[in-house]
Amino acid sequence: MTTAARSRRASGVVRQPRDALLVVAGTAVLLLAALPVHPHSISDAEVAVFSALNSTTVLPFVVVWPLMQLGNFVVVPCAALLAAAFRRWRLAGGLLLAGAGVYFLAKQVKGIWPRGRPAGLVDDVVIRGTAALGRGFVSGHAAVVVALVVVAWPWLNRPGRVVCAVLAVTVCFARVYVGAHLPLDVVGGAALGIAVAGVVRLVVGHPR
């Protein structure tokens, strides 16, 4: 074992095969989610799922909106600053790298698989809040929040993991609920977040 490897082992920083598996699995799901995506049409199955999530009022928008903002890009530096406040420098760097990287890549994916927002493809869409503009596939909110959670996962205890997982799922469902995204937009965004987080975990490392 080299001196560098012994140093990493002593500090508890590792890169594991499961990190590479995150990259492969996330990329595969993203590609599968993109297969049915068409600029001007949507499958009956996706319409049915969207309508089920979008048409029923579960929570008032005033409650959903702040939770949904956990997928906003502004959360990226905030999360990194929080990690830095606890002197988790490696985590802070990983959060910044993953958040910025997935935000940029989501913009590129939107250009590769162009698709509009639900209101332009589905009848009787319930828009809660301000109507989202631009292209829909993939969801940037889903990509950002999932990337941050997956990078932070090894640093969290069990209660922290449960809370973060619930919040990430909530953001994903909220984007469909408010009429901003179709289901595959969210699935593709989450998959992109997982893939980018896997790359960051391989680059930056994380606790054993």
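Below or above, wherever it landed, is the structure these notes cover. (Residues numbered from 1 in each chain as written. Predicted model: local features only at pLDDT ≥ 70, side-chain atom pairs only at ≥ 80, totals over all residues. Heavy atoms only, no water.)

**Considerations on the overall build of the protein chain**
And then number 1: Looking only at helices and strands, the protein chain has nine helices and two strands in total.
And then number 2: Rg of the C-alpha trace for the protein chain: 18 Å, near the compact-globule value of 17 Å for 208 residues, within the 12% margin.
And then number 3: Seen along its three principal axes, the alpha-carbon backbone of the protein chain occupies a region of about 60 × 35 × 25 Å.
And then number 4: Taking all 208 residues of the protein chain together, the buried fraction comes to 41%.
And then number 5: Of the contacts made within the protein chain by residues no fewer than 6 positions apart, 85% connect residues no fewer than 24 positions apart.
And then number 6: Carbon and sulfur atoms form 69% of the exposed surface of the protein chain, whose accessible area is close to 10800 Å².
And then number 7: Computed over 19 positive and 6 negative side-chain charges, the separation of the two mean positions in the protein chain equals 26 Å. (Helix = DSSP H or I, 4+ residues; strand = E, 2+ residues; numbered from the N terminus. Rg over C-alpha atoms; globule rule 2.2 N^0.38 Å. Buried < 20%, exposed > 50% of the residue type's maximum accessible area, 1.4 Å probe, protein only. Contact = heavy atoms within 4.5 Å. Areas by Shrake-Rupley, 256 points an atom, 1.4 Å probe, with all protein chains shown as cover. Lys, Arg positive; Asp, Glu negative; His and termini not counted. Charge placed at Lys NZ, Arg CZ, Asp CG, Glu CD.)

**Here we look at unusual backbone geometry**
And then number 1: Between F137 and V138 the backbone carries a cis peptide bond, its omega angle lying at 10°.
And then number 2: Here V138 is to be found in the loop between helix 6 (89-112) and helix 7 (140-152).
And then number 3: Within the chain, R87 stands out as a residue other than glycine whose phi angle is a positive 60°.
And then number 4: Residue position: R87 is located in the loop between helix 5 (75-85) and helix 6.
And then number 5: Non-glycine residue D124 carries a positive phi angle of around 60°.
And then number 6: A residue is classified by how much of its surface remains accessible, and D124, at 74% relative accessible area, is exposed.

**What about the state of the cysteines?**
And then number 1: Following the criterion strictly, the structure yields zero disulfides and no others.
And then number 2: The closest cysteine sulfur to the non-disulfide-bonded C164 is located on C172, 13 Å from its own sulfur.
And then number 3: A residue is classified by how much of its surface remains accessible, and C164, at 23% relative accessible area, is partly exposed.
And then number 4: Judged by its relative accessible area of 11%, C172 falls in the buried class. (Disulfide = S-S within 2.5 Å.)

**Regarding the pattern of salt bridges**
And then number 1: Counted by the stated rule, this structure contains three salt bridges.
And then number 2: As a salt-bridge pair, E46 and R115 come within 3.0 Å of each other at their nearest N and O atoms. Residue E46 is found in helix 3 (residues 44-54), and its partner R115 is found in the loop between helix 6 and helix 7; the two are separated by 69 residues along the sequence. Each member of the pair, E46 as well as R115, carries the same accessibility label: buried.
And then number 3: Here R115 makes a salt bridge to D185, at a shortest N to O gap of 2.8 Å. One end of the pair, R115, is in the loop between helix 6 and helix 7; the other, D185, is in helix 9 (residues 183-204), and 70 residues separate them in sequence. No difference in accessibility class separates R115 from D185, as the two residues are buried.
And then number 4: Linked by salt bridges that have partners in common, E46, R115 and D185 make up one network. (Salt bridge = Lys/Arg side-chain N within 4 Å of Asp/Glu carboxyl O.)

**Points about the packing of aromatic side chains**
And then number 1: Evaluated as defined, the whole model comprises two aromatic pairs.
And then number 2: Taken together, a centroid distance of 6.1 Å and an interplanar angle of 90° make the contact between W113 and F137 edge-to-face. Remark: F137 occurs in the loop between helix 6 and helix 7 and W113 occurs in the loop between helix 6 and helix 7; sequence separation between them is 24 residues.
And then number 3: The ring of Y177 has R128 lying over it, and the distance from NZ or CZ to the ring centre is 3.9 Å. (Phe/Tyr/Trp six-rings, centres within 6.5 Å; stacked < 30°, edge-to-face > 60°. Lys NZ or Arg CZ within 6 Å of the ring centre and 35° of its normal.)

**Things to note about a nonpolar patch on the surface**
And then number 1: A cluster of nonpolar side chains, namely V58, L59, V62 and V63, defines an oily patch on the protein surface of about 360 Å² accessible area.
And then number 2: Its location among the elements puts V58 in the loop between helix 3 and helix 4 (61-68).
And then number 3: Residue class for V58 comes out exposed when judged on its relative accessible area of 63%. (Patch = residues over 30% accessible without salt bridge, like charges linked within 9 Å, V, L, I, M, F, W, Y side chains within 5 Å.)

**Digging into the side chain of E46**
And then number 1: A residue is classified by how much of its surface remains accessible, and E46, at 6% relative accessible area, is buried.
And then number 2: Excluding residues that lie within four positions of it along the chain, E46 makes contacts with R115, L182, P183, L184 and D185.

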